[in-house]
Amino acid sequence: MKKLLLLIIHIIIFQVSQAQNSSIKDYEQKLAVEKNDSVQMHLLARLAFAYWDSDHYKSRELAEKSLKINEKYNEKHIVSINLNTIGISYWTQGEYDKALEYFLKTVEMCEEDSHYIGMGSAYINIGIIYKAYGQYHKAIKYQEKAIAAHEKIENFDGIIAARSNIGLNYVYLKEYEKALEELKIAEELLIQSNNENNTVAIYIYEYRGQAYDELGDYDKALTNYNKALELSKKLNGVKSMTSNMIHVADVYIKKKQYAKVEGILNEAIEKAEKMNFNSIVQDAYLKKSEFFEKINDKEAALNAYKSYSALKDSIFNTEKSKQIAEMQVKYEADKKEKENLIYKAKSERQTIISATIGLSLTLLLILTAILFKNYSAKRKTNKVLEGQKEELEKKNNKIIASINYAERIQKAALTDVEEIQNIPEHFIFFQPKDIVSGDFYWFYEKDNKIVICAADCTGHGVPGAFMSMLGISFLNRIVSEKNILEPHLILDELHAQVENALRQDKTQNRDGMDISLCVMDLDKNILEFAGAKNSLICIHNDEVTRIKGDKLSVGGRKTKHRSNFTKQVIKIEEEMHFYISSDGFQDQFGGEDGNKFMAKPFRSLLKDIHHHSFDDQKFILESKINSWMKIGNQKQVDDILVIGFKFAPSIKTPEQNTIHKNEYAQID
């Protein structure tokens, strides 16, 4: 939503012959009947600009058509307008490097003919790009350059917009007093220009609302958001109207004034849906989910989150479809261009041959002999290369087939939990990074005890999968054949077998695995836990407890004085929820800043969702981490495994659950 607000500020500055006051339909009708290509060029530029917020692919296509016609007229003003529009189209796709390239070209073009409005607008947009990169001081520098350009022609709209953007950058820098000072200057300039109902005023109020919001002065924040909202309604700005509705709802949630929240968000969704503003609808559903969580309506919160997640996936898929279509068009154009180059090359070669014949038949014979020799050598080389290519493809196909076969073997080795007779309510969220995985889960039932294991092996892909197969094989042998059913003893024996199998006492091999291992004793109503660098998360009466494992891995570095694993026991006298996992979820990069998800937010998320059914918990975790990656435009960096299960006693007792505080780390 913040990205949208920044870009709208640009729209006010870079005017293209009143593009904002004419509809797309009007331009398209004029273009359909216009015969003069110079007029067509200007209409295409205006239409491209008008499409910036509804279809950035079409916007770029139209701008490029306008540039093509301008090759005949060489109007620099048209070039700068279209370059700027193309930059915006890349910006809205999140391709900041390309956008920056076009905005810098715009500045260069505008400097040649002292086109200060275009230059100032491009500087504003460059500042916006640096803001998106998180380089707020550099962003402010370019907004100041924009002010200098607009002051040369006393363009108040440009100065006000740049001042507003400086204010917003100070909000992100958490320098709220400076932000408010800049926004005050922008407002005073707006009053001086007798243009208080200008669209820029909406964003001055909104940014000021954000500053007060961050300062915790919710009354002043609400006042400014409502001013922005009223002016949006007056100017019929549906995007700014609905985004400010979400701001207002957010403040009411923070003030715990819940009565109006649902109605405001429903109105925002209704208005945004009519205009197909899907990103705003998505933000509103996310805020609804947060609201329902606050009032403890878990079912409604989940439904709102599902609507948010479904819409997010829909937007993502639509964008990808458009990108694919654009790539296809580009491919066809490149193909045609290559065909023309080939034809041209053939023509030039024929001319050279004809000239050579005219000069000397002897020279031609010599040249023909040389060419034939080179051709023969090239043909032989190509045959060798083709043979090598085919061989490589065969080997590659064999490797992929082997990996796919390994995947089937690994899946077969993983426990089929349906075979566990007394399996508790549970979920398994398992999302490998590659075809095969270095994470694995393992369940086993014996003597009315259920063993539950989540393991994270060294590496991922094929190396990790090899370690996981070793781990599964050894666990089957330790528990099934040796009848070891205490978690700390299982890990001790597993360590010994991994160390022996990889000859770690004689080699430099340091491969191993980090494990959380639980044993549910259904007769005694106790849960026993041992961990190799991994923990157990316990949630009971909305209290989250982290039960730490030992600071030892299974396998890995050989040490002279290695201690054994320890067992920790929880007595189950009321229903409790437990979670074990690898580090893949919390270490995944994503979000707006591209940071790791981190352990504490992961535990908070588990607390928030543990009241839901286990199927819904799995759905929320999967949606959360995948949307986290999409927002940050990040790829999955490691295998992800999370297991959740419930343990309720078979016989109730009046005593309280026993958790020894000296053994476990309490989470506030």
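Nothing here was measured: the structure is a model prediction, and the numbers come from that model.

### Comments concerning the pattern of salt bridges
Move 1: Counted under the stated rule, the structure contains 25 salt bridges.
Move 2: A salt bridge links Glu101 to Lys105, with the shortest nitrogen-to-oxygen separation between them at 3.4 Å. Separated by four residues within a single helix, Glu101 and Lys105 lie in helix 6 (residues 96-112), roughly one turn from each other.
Move 3: Overall, the relative accessible area of 36% leaves Lys105 in the partly exposed class.
Move 4: A network of salt bridges, in which partner residues are shared, links Asp213, Asp250, Lys254, Lys287 and Glu290.

### Looking at the layout of surface pockets
Move 1: Considering only enclosed or pocket space, the second largest pocket measures out at about 300 Å³ in volume.
Move 2: Asn534, Ser535, Arg546, Ser581 and Gln586 are, among the 19 residues lining the second largest pocket, the residues nearest its centre.
Move 3: When contributions to the lining of the second largest pocket are tallied by element, the ones reaching two or more residues are strand 10 (576-581) and helix 20 (599-609).
Move 4: Taken together, the residues that form the lining of the second largest pocket break down as seven nonpolar, five polar and seven charged.

### Let's talk about the environment of Ile269
Move 1: For Ile269, the position within the fold is in helix 14 (residues 261-274).
Move 2: Ile269 sits 13 residues away from Gln282 along the chain, and the two C-alpha atoms are 8.4 Å apart.
Move 3: Contacts of Ile269, omitting those with residues within four sequence positions, involve Val281, Ala284, Tyr285 and Lys288.

### Focus on the confidence of the model for the protein chain
Move 1: Averaged over every residue, the pLDDT of the protein chain is 81; residues scoring 70 or more account for 76%.
Move 2: Contacts of residues 652-668 to residues separated by more than four positions or lying in other chains number 39 contacts, the stretch itself having pLDDT below 50.

### Points about the packing of helix 11 (residues 199-215) against helix 12 (residues 218-234)
Move 1: Across the interface, helix 11 lies against helix 12 with an axial gap of 8 Å and an inter-helix angle of 160°. Judged by the angle between their axes, helix 11 and helix 12 are roughly antiparallel. For the pair helix 11 and helix 12, the sense of crossing is left-handed. Contact with helix 11, carried on its side by Ala201, Ile202, Tyr205, Glu206, Arg208, Gly209, Gln210, Tyr212 and Asp213, involves Tyr218, Lys220, Ala221, Asn224, Tyr225, Lys227, Ala228, Leu231 and Ser232 of helix 12 and no other residues of that element.
Move 2: Here the contact of helix 11 with helix 12 is composed, by residue class, of nine nonpolar, four polar and five charged.

### Overview of the side chain of Asn82
Move 1: Its place among the elements puts Asn82 in helix 5 (residues 76-92).
Move 2: According to the relative accessible area criterion, Asn82 is buried, its value standing at 0%.
Move 3: Not counting residues within four places of it along the chain, the set of residues in contact with Asn82 comprises Ala45, Ala63, Ser66 and Leu67.

### So, the pairing of strand 9 (residues 568-571)
Move 1: Residues of strand 9 alternate between two faces, with Gln568 and Ile570 buried on one and Val569 and Lys571 left unburied on the opposite face.
Move 2: Relative to strand 9, strand 5 (residues 526-532) runs antiparallel, the two being bridged by four bridges. By the bridge assignment for strand 9, Leu527 is matched with Ile570.

### Some points on helix 19 (residues 487-501)
The periodicity of an α-helix, 3.6 residues per turn, causes residues three or four places apart in sequence to face the same way.
Move 1: If you check helix 19, its first and last C-alpha atoms are 21 Å apart, about what 15 residues at 1.5 Å a residue would give, namely 21 Å.
Move 2: Within helix 19 the residues assigned to the buried category are Pro487, His488, Ile490, Leu491, Leu494, His495, Gln497, Val498 and Glu499.
Move 3: Arg503 lies just past helix 19 and shows a positive phi near 50°.

### Some words on the packing of aromatic side chains
Move 1: Tallied over the full model, the rule gives 17 aromatic pairs.
Move 2: Measuring from centroid to centroid gives 6.4 Å for Tyr203 and Tyr207, while their planes differ by 40°, and the two rings are tilted. Note that Tyr203 and Tyr207 are positioned in helix 11 at a spacing of four residues, about one turn of the helix.
Move 3: The class for Tyr203 is buried, based on a relative accessible area of 2%.
Move 4: Tyr207 sits in the buried class, given a relative accessible area of 0%.

### So, the packing of helix 5 against helix 7 (residues 116-132)
Move 1: Close contact between helix 5 and helix 7 brings their axes to 11 Å; oriented N to C, the two are set at 15°. By the angle between their directions, the pair helix 5 and helix 7 is classed as roughly parallel. With respect to the hand of their crossing, helix 5 and helix 7 are arranged in left-handed fashion. Within the contact between the two elements, helix 5 uses Asn84, Ile88 and Trp91 and helix 7 uses Ser121, Ala122, Asn125, Ile128 and Ile129.
Move 2: Taken together, the residues of the contact of helix 5 with helix 7 sort by class into five nonpolar, three polar and no charged.

### What to know about the nonpolar core
Move 1: By size, the foremost hydrophobic cluster in this structure holds 119 residues, and its most contacted members are Ile126, Phe429, Phe585, Leu606 and Leu621.
Move 2: Beyond its immediate chain neighbours, meaning those up to four positions away, Ile126 contacts Leu100, Phe103, Leu104, Val107 and Tyr142.
Move 3: If you look at the next biggest cluster of nonpolar residues, it comprises 56 residues, including Phe474, Ile490, Met513 and Leu522.

Rules behind the numbers
Residues numbered from 1 in each chain as written. Predicted model: local features only at pLDDT ≥ 70, side-chain atom pairs only at ≥ 80, totals over all residues. Heavy atoms only, no water. Salt bridge = Lys/Arg side-chain N within 4 Å of Asp/Glu carboxyl O. Helix = DSSP H or I, 4+ residues; strand = E, 2+ residues; numbered from the N terminus. Buried < 20%, exposed > 50% of the residue type's maximum accessible area, 1.4 Å probe, protein only. 1 Å grid on protein atoms, 1.4 Å probe; cavity = no way out; pocket = protein on both sides within 12 Å on 5 of 7 lines; lining within 4 Å. Points joined across faces, edges and corners; volume = space filled by probe spheres on them. Nonpolar A, V, L, I, M, F, W, Y, C, P; charged D, E, K, R; others polar. Contact = heavy atoms within 4.5 Å. pLDDT = per-residue confidence, 0-100. Axes fitted to C-alpha atoms, helices over the stretch in contact; angles between N-to-C directions. Parallel < 35°, antiparallel > 145°, perpendicular 65-115°, else oblique. Left-handed = near helix turned anticlockwise from the far one by under 90°. Pairing = 2+ DSSP bridges. Expected span 1.5 Å × (residues − 1). Phe/Tyr/Trp six-rings, centres within 6.5 Å; stacked < 30°, edge-to-face > 60°. Core = buried A, V, L, I, M, F, W, Y, C linked by side-chain atoms within 4.5 Å.

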